[in-house]
Amino acid sequence: MPPSVPSLPRRVARTLRTSLFAQVTCALVLGIVVGKLWPDTATALQPLGDGFTRLIKTVISPLVFCVVVVGIAKAGDLKAFGRIGVKALIWFEIASTAALVIGLVTANVVGPGRGMNVDPSSLDAAAVQETTGGGHLPTTTEFVLNALPQSFIGAFADNELLQVLILACLVGAALLHLGHTKVPKILPAIEQAQEIIFAVVGFIMRLAPIAVFGAMAHLVGNYGLGVMRTYAKLIVLCYVAAALFIALLAVALKAVTGLSLWKFLRYIREEMLLALGTASTESVMPRVMQKLRRAGARDDAVGLVLPTGYSFNLDGASLYLSIGTLFIAQAVGVDLSLGQQVTVVLVLMLTSKGMAGIPGSAFLALSATASSLGAIPAGAVALLLGVDRIMDSMRVVTNLLGNCVAVFAVSRWEGALDTDRAKRVLDGEDTSTPVDGETGVGAEKALGGEKDPGGEAGAEAPAPGIPAQKPKELKEPKELKEPKELKELIESKELKEPAPEAG
């Protein structure tokens, strides 16, 4: 008798109960509906998304610290860690420059602001000041100084990722210098703390659908869907340019590592949808770090490249800034020369590095670019106030994919990527190591079968994705079987009847 097939309602209910992707998708659609039908009520739901983001931010700094310290200690080579950092910065600069150039080329070809003939004096420059809170982007000197921690606790309290990274590098270097014999309990304690943090992430992730619902309802209720018709040409151009850049990322990833970006996108589809719903890549950083480690990237590469990319590799923001600058110039009737557009690229290469974590950073960067050119009124940036929030989805997807590709590329460049394992995981063939924080499993052991850094047990760590268990060879080791000579010795008269003691 064939097994009974569950009814459609039961299958749907099971999917909604077990799949985070399905839960977030439903929340996204429901948020749009509520925002459209009840906009006044929807705008009051923003705290749902903000609260979730705040919860995630509480674990990001300790998680980054633990992953980096463990990565350095297990890699056993501080020079290798330094090489990873240098290679990551090189990759970030190449990727950001490519994004800026693609933005400028597409904006020149399409001309999203041509024919608008906007009078700059009619724009409300005070609205930009309100959005940015009167802030400003840091200078290069300020940026470098702000990356240096003033206190150990302050870096974690302020959630300054670059400062936490520097502290983690110092602690990891100190562990290597002292050796595991002098501080044998520190590294295991950090690893255990890491497991606890991943478990906490699992608990918080259960709230993800609620957060997506609140954030999407607020967006639609506050801005409406009509703004998309007003700025349709600009919105379409930004998303098409992002698609071109992502296609370029796919080619680069395939050429460098042999991996498929589309398979990776399917692999992180839950995290991607959550990032879209909350308009924040920080909300998915812990889970993405877990999945990158599971996909064969070594701990030290993941721990350094991904958090650093959140400040240095904002590819989506670079695309938006380059297109936005030309859109403003075209809208107010300013024709930028080739030299001025090159200046735009150079200025944005600098201003985009200090954007992370600053309210209204896109407007600050655009204002700084307009001021440096001297040809565009700074108040014209107000033209983008109505459409900026809709561009968040493009920026989030591009930033997140750009940083993930950077992790794979730099890992491969440094020899810190298990390519065979990555292909198995992306193909869905290797699911032996769960990454869902709800199960409390997420801090995998040393990658590549490295020795336990503690050295107390002298045992070899399991390979990634293979559950820890005694190998078969240790259950029945041939070398422990009694040889014939030993058996004869045991049965000899001398051993059976020892000589009597003297006296």
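Residues numbered from 1 in each chain as written. Predicted model: local features only at pLDDT ≥ 70, side-chain atom pairs only at ≥ 80, totals over all residues. Heavy atoms only, no water.

**Student:** It is not clear to me how the packing of helix 16 (residues 285–294) against helix 17 (residues 299–312) should be interpreted in this structure. Could you clarify?
**Tutor:** The packing of two helices is summarised by the inter-axis angle and the distance between the axes. Relative to each other, helix 16 and helix 17 sit at 145 degrees, their axes nearing to 10 Å. Crossing geometry of helix 16 relative to helix 17 is assigned as right-handed. Across the interface between the two elements, M285, V288, M289, L292 and R293 from helix 16 touch D299, V302, G303, L306, P307 and Y310 from helix 17. Residue composition of the contact of helix 16 with helix 17, by class: 8 nonpolar, 1 polar and 2 charged. (Axes fitted to C-alpha atoms, helices over the stretch in contact; angles between N-to-C directions. Helix = DSSP H or I, 4+ residues; strand = E, 2+ residues; numbered from the N terminus. Left-handed = near helix turned anticlockwise from the far one by under 90°. Contact = heavy atoms within 4.5 Å. Nonpolar A, V, L, I, M, F, W, Y, C, P; charged D, E, K, R; others polar.)

**Student:** I'm lost on the nonpolar core in this one. Help?
**Tutor:** Looking at soluble globular proteins, one finds that nonpolar side chains tend to be buried together. If you look at the biggest cluster of nonpolar residues, it comprises 134 residues, and the most contacted ones within it are V64, L234, L261, F264, L292 and L401. The element contributing the most residues to this core is helix 4 (residues 46–75), with 14 residues. Discounting chain neighbours no more than four positions away, the residues touching F264 are L292, L401, C404, F408 and L426. (Core = buried A, V, L, I, M, F, W, Y, C linked by side-chain atoms within 4.5 Å. Buried < 20%, exposed > 50% of the residue type's maximum accessible area, 1.4 Å probe, protein only.)

**Student:** Hey, could you run me through the pattern of salt bridges in this one?
**Tutor:** Where charged atoms of side chains with opposite charge meet at close range, the side chains can pair. Counted according to the given criterion, the structure contains 8 salt bridges. Between E414 and R83 there is a salt bridge, with the nearest N and O atoms lying 2.7 Å from each other. Residue E414 is located in helix 21 (residues 392–414), and its partner R83 is located in helix 5 (residues 78–110); the two are separated by 331 residues in the primary sequence. The structure contains a network of salt bridges with shared partners spanning E270, E271, R287 and K291. (Salt bridge = Lys/Arg side-chain N within 4 Å of Asp/Glu carboxyl O.)

**Student:** Any chance you could explain the packing of helix 13 (residues 232–257) against helix 21 here in plain terms?
**Tutor:** Where helix 13 meets helix 21, the axes come as close as 10 Å, and the angle between the chain directions of the two elements is 10 degrees. By the criterion of interaxial angle, the relationship of helix 13 to helix 21 is roughly parallel. Touching C238, Y239, A242, F245, I246, L249, L253, V256 and T257 of helix 13 are S393, M394, V397, T398, L401, G402, V405, F408, A409 and R412, all from helix 21. Per-class residue counts for the contact of helix 13 with helix 21 are 14 nonpolar, 4 polar and 1 charged. (Parallel < 35°, antiparallel > 145°, perpendicular 65-115°, else oblique.)

**Student:** Help me understand the packing of aromatic side chains, please; the structure alone is not making it clear to me.
**Tutor:** Given two aromatic rings, one states the distance between the centres and the angle between the planes to describe the pair. On inspection of all chains with the given rule, the structure shows 5 aromatic pairs. Summarising the aromatic geometry, the rings of F65 and F152 are spaced 6.0 Å apart at their centres and angled 80 degrees between planes, so their arrangement reads as edge-to-face. With a gap of 87 residues between them, F65 in helix 4 and F152 in helix 8 (residues 152–157) connect regions that are remote in the sequence. Overall, F65 belongs to the buried group, its relative accessible area being 12%. Between F152 and F156, the aromatic rings sit 5.8 Å apart at their centres with planes inclined by 25 degrees, giving stacked as the arrangement. Here F152 pairs with F156, and both are found in helix 8, just 4 residues apart, close to one helical turn. For F152, a relative accessible area of 41% puts it in the partly exposed group. (Phe/Tyr/Trp six-rings, centres within 6.5 Å; stacked < 30°, edge-to-face > 60°.)

**Student:** Could you clarify how one ought to interpret the environment of K57 in this entry?
**Tutor:** In this fold, K57 is placed in helix 4. K57 sits 229 residues away from P286 along the chain, and the two C-alpha atoms are 9.6 Å apart. Ignoring any residue separated from it by four or fewer positions in sequence, one finds K57 in contact with N159 and E282.

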